[in-house]
Amino acid sequence: MNADLPLVAILDDEPEIRRMLSDALEEAGFRTQSYARATEFEAGLKRSSPDVCLVDLGLPDRDGLALVHRLALESGAAIIIISGRAQVQDRVTGLELGADDYIIKPFDPTEVVARIRARLRKGRTESPSVSQTAHFAGWSAHFDRYLLIDEAGRETSFSHAEGEVLRLFLESPNRLITRAQMQESLGGAAGESFDRAMDVRISRLRTKLGEDPKNPRLIKTIYGAGYIFLGEVRWG
C-alpha cells in the first residue's frame, strides 16, 4: 500500500470492530494498523508514527483514559476515542485528557471515516510555511515540540488538544473568540461536553502560564461571549 497515504492506528479488543474499521478506512484510502492490546499498540508506535489513533477505553491490559492522556502529551497524532461509554461525563473526561474527538459505540464506520477526514483537513489548513514557534509575554510556545518555555528556560509540556486551543488564541490576539468560533475551528460536537472540555483546557493553559485563576492577565473570560487573549504575539 502507498506509504504516502495517511496512517490510522486502531486499538480495540473486539476483532469485529477492528476488521470493520480497517475495511472501511482502507476502502476510503487510508493505511491501517490494528491492535488488540495496549502493549502491542505502544510497541507499534515505536516503529511508525500514525496520523490518527482510534482508541477504545475498555482495554484488557491498560486503563484507556490513562493511555489517551499519555498519547496527548507524547504524540502528535490526532486522538479519537471509540467507546461504548455514552455518559456526558465520560465524554468530557476523555476530551479533558487530550482526545480530539469522541465517538460512541455502536457507530457507522462511514461516520468514523468522515471524522478522521475532518481532523486531517484541519491539519492541512495549517501551512508548513507557518512558524511553529510563538513568543509572547516572556514565553515561547513551540508547537512542533508541544513545549512552553519561560524566560528562565524552564520547560512545560502541553497536550495536542491544549496546543490547538493555545494556537487559536495566539493567532488571533486581542480579539474576542466566541465558543461557536472555537467549536467551528477545533471541531467536535457542540454541546455541554465540548464547552466543559474547552473550560478545562483553558484552565490548564492558564495554570501552565502561571496565571492567577481569579484574575488572569493573558486569557480573559468575557462572560456570555467567549474568550480573548491579551498581549502582543510574535511568530518565528
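Every chain's residues receive numbers from 1 upward, in the order its sequence appears when written. For a predicted model such as this one, the threshold for reporting local features is a pLDDT of at least 70, and the threshold for listing and counting side-chain atom pairs is 80 or more; totals across whole chains, interfaces and linings nevertheless cover every residue. For the side-chain quantities, the full set of heavy atoms in the structure was used; hydrogens and water were omitted.

1. A few points about the overall build of the chain
Rules: Secondary structure elements follow DSSP: runs of H or I no shorter than four residues count as helices, runs of E no shorter than two count as strands, and numbering proceeds from the N terminus. As defined in this context, the radius of gyration uses C-alpha atoms, and a globule is described by 2.2 Å times the residue total to the power 0.38. The buried label goes to any residue with under 20% of its type's maximum accessible area, the exposed label to any with over 50%, and the partly exposed label to all in between, with areas taken from a 1.4 Å probe on protein chains only. In this description, contact between two residues means that some pair of their heavy atoms is separated by no more than 4.5 Å. Values of accessible area rely on a 1.4 Å probe in the Shrake-Rupley scheme; residue burial ignores everything except the protein chains shown. Only four residue types enter the charge count: Lys and Arg as positive, Asp and Glu as negative, with His and the chain ends excluded. The atom standing in for a charge is NZ when the residue is Lys, CZ when it is Arg, CG when it is Asp and CD when it is Glu.
A tally of helices and strands in the chain yields 8 helices and 13 strands. Compactness check: the chain gives a C-alpha radius of gyration of 18 Å against a globular reference of 18 Å for 236 residues, within 12% of the reference. With the principal axes as the frame, the chain shows a C-alpha extent of 50 × 35 × 30 Å. Residues classed as buried in the chain amount to 46% of the 236 residues present. Taking all contacts inside the chain whose residues are at least 6 apart in sequence as the whole, residues at least 24 apart take part in 60%. About 11500 Å² of surface is accessible on the chain, with carbon and sulfur atoms providing 49% of the total. Across the chain, the 31 positively charged side chains and the 36 negatively charged ones have centroids separated by 3 Å.

2. Considering empty space enclosed by the protein
Spelled out, the test is: Points on a 1 Å grid, built from protein atoms alone, make a cavity when a 1.4 Å probe fits but cannot get out and make a pocket when they are open with protein on both sides within 12 Å along at least 5 of 7 lines; residues with an atom within 4 Å of a point are the lining residues. Grid points are joined across faces, edges and corners, and a volume is the space filled by probe spheres set on the points. When residues are sorted by character, Ala, Val, Leu, Ile, Met, Phe, Trp, Tyr, Cys and Pro go into the nonpolar class, Asp, Glu, Lys and Arg into the charged class, and all the rest, Gly among them, into the polar class. Note that the domain bounds reflect an automated or database-derived domain assignment.
Counted according to the given criterion, the structure contains 1 cavity of 30 Å³ or more. Size it by volume and the largest cavity reaches roughly 40 Å³. As for the largest cavity, its lining consists of His69, Glu96, Leu97, Gly98, Ser159, Ala161, Glu162, Arg201 and Arg204. Residue composition of the lining of the largest cavity, grouped by class: 2 nonpolar, 3 polar and 4 charged. Here the lining of the largest cavity spans two domains, and each of domain 1 (7-123) and domain 2 (133-235) adds at least three residues to it.

3. So, the nonpolar core
The criterion, for reference: We call a set of buried Ala, Val, Leu, Ile, Met, Phe, Trp, Tyr and Cys residues a nonpolar core when their side-chain atoms join them within 4.5 Å.
Ranked by internal contacts, the top residues of the largest apolar core, which has 25 residues, are Phe136, Leu148, Val165, Phe169, Leu170, Met182 and Ile219. Top element by residues in this core is helix H6 (residues 160-170). It accounts for 5 residues. With residues up to four places along the chain from it excluded, the contact list for Leu148 reads Phe136, Trp139, Ser140, Ala141, Arg154, Glu155, Thr156, Phe158, Leu166, Lys208 and Leu209. Formed by 20 residues, the second largest nonpolar core is a distinct cluster that contains Val68, Ala77, Ile79 and Leu97.

4. Quick notes on the domain arrangement of the chain
How we decide: Note on definitions: buried area is the accessible-area loss of two parts on being combined, 1.4 Å probe, summed for both. By convention in these notes, a salt bridge is any Lys or Arg side-chain nitrogen within 4 Å of a carboxyl oxygen on Asp or Glu.
The domains assigned to the chain are domain 1 (7-123) and domain 2 (133-235). Centre-to-centre separation of domain 1 and domain 2, based on C-alpha positions: 25 Å. At the junction of the two partners, domain 1 supplies 18 residues and domain 2 supplies 17 residues. Counting each side, the surface lost to burial between domain 1 and domain 2 is near 1400 Å², with a carbon and sulfur contribution of 50%. Our count for the contact surface shared by domain 1 and domain 2 stands at 1 salt bridge. Among the secondary structure elements, those contributing two or more residues to the side of domain 1 that touches domain 2 are helix H3 (64-74), helix H4 (88-96) and helix H5 (109-124).

5. A look at the sheet that holds strand S6 (residues 133-136)
The strands making up a sheet associate through hydrogen bonds between their backbones, and the pairing can be parallel or antiparallel. Selection rule: The pairing criterion for strands is at least two bridges between them, as found by DSSP.
On the basis of which strands lie adjacent, the open sheet formed by 5 strands has the order S9-S8-S7-S6-S13 and antiparallel pairing. Both edges of this open sheet fall to strand S9 (155-157) and strand S13 (234-235), since each of them pairs with a single strand only.

6. Here's the deal with the pairing of strand S7 (residues 139-142)
Where burial is concerned, the two faces of S7 agree: the one with Trp139 and Ala141 and the one with Ser140 and His142 are both buried. Where S6 lies against S7, 4 bridges are found, and the strand directions are antiparallel. Note that in S7 the partner of Ala134 across the bridge is Ala141. The antiparallel hairpin formed by S6 and S7 contains 2 residues in its connecting segment, where Ala137 sits at a positive phi of about 45°. Here S7 runs beside strand S8 (residues 147-149); their pairing, made up of 3 bridges, is antiparallel. Residue Ala141 lies in a different strand from S8, and its bridge partner there is Leu148. Where S7 hands over to S8, the hairpin turn is made up of 4 residues, of which Tyr146 adopts a positive phi near 55°.

7. Quick look at the sheet that holds strand S4 (residues 78-83)
Counted only if it meets this: Lines fitted to C-alpha atoms define the axes here, with helix axes fitted over just the stretch in contact, and angles between the N-to-C directions of these axes take values from 0 to 180 degrees.
Spatial strand order, S2-S1-S3-S4-S5: 5 strands in an open sheet with parallel pairing. The outermost strands of the open sheet, each flanked by one partner alone, are strand S2 (31-35) and strand S5 (101-104). Looking at each pair of strands side by side, their axes are set apart by 20° on average, direction ignored.

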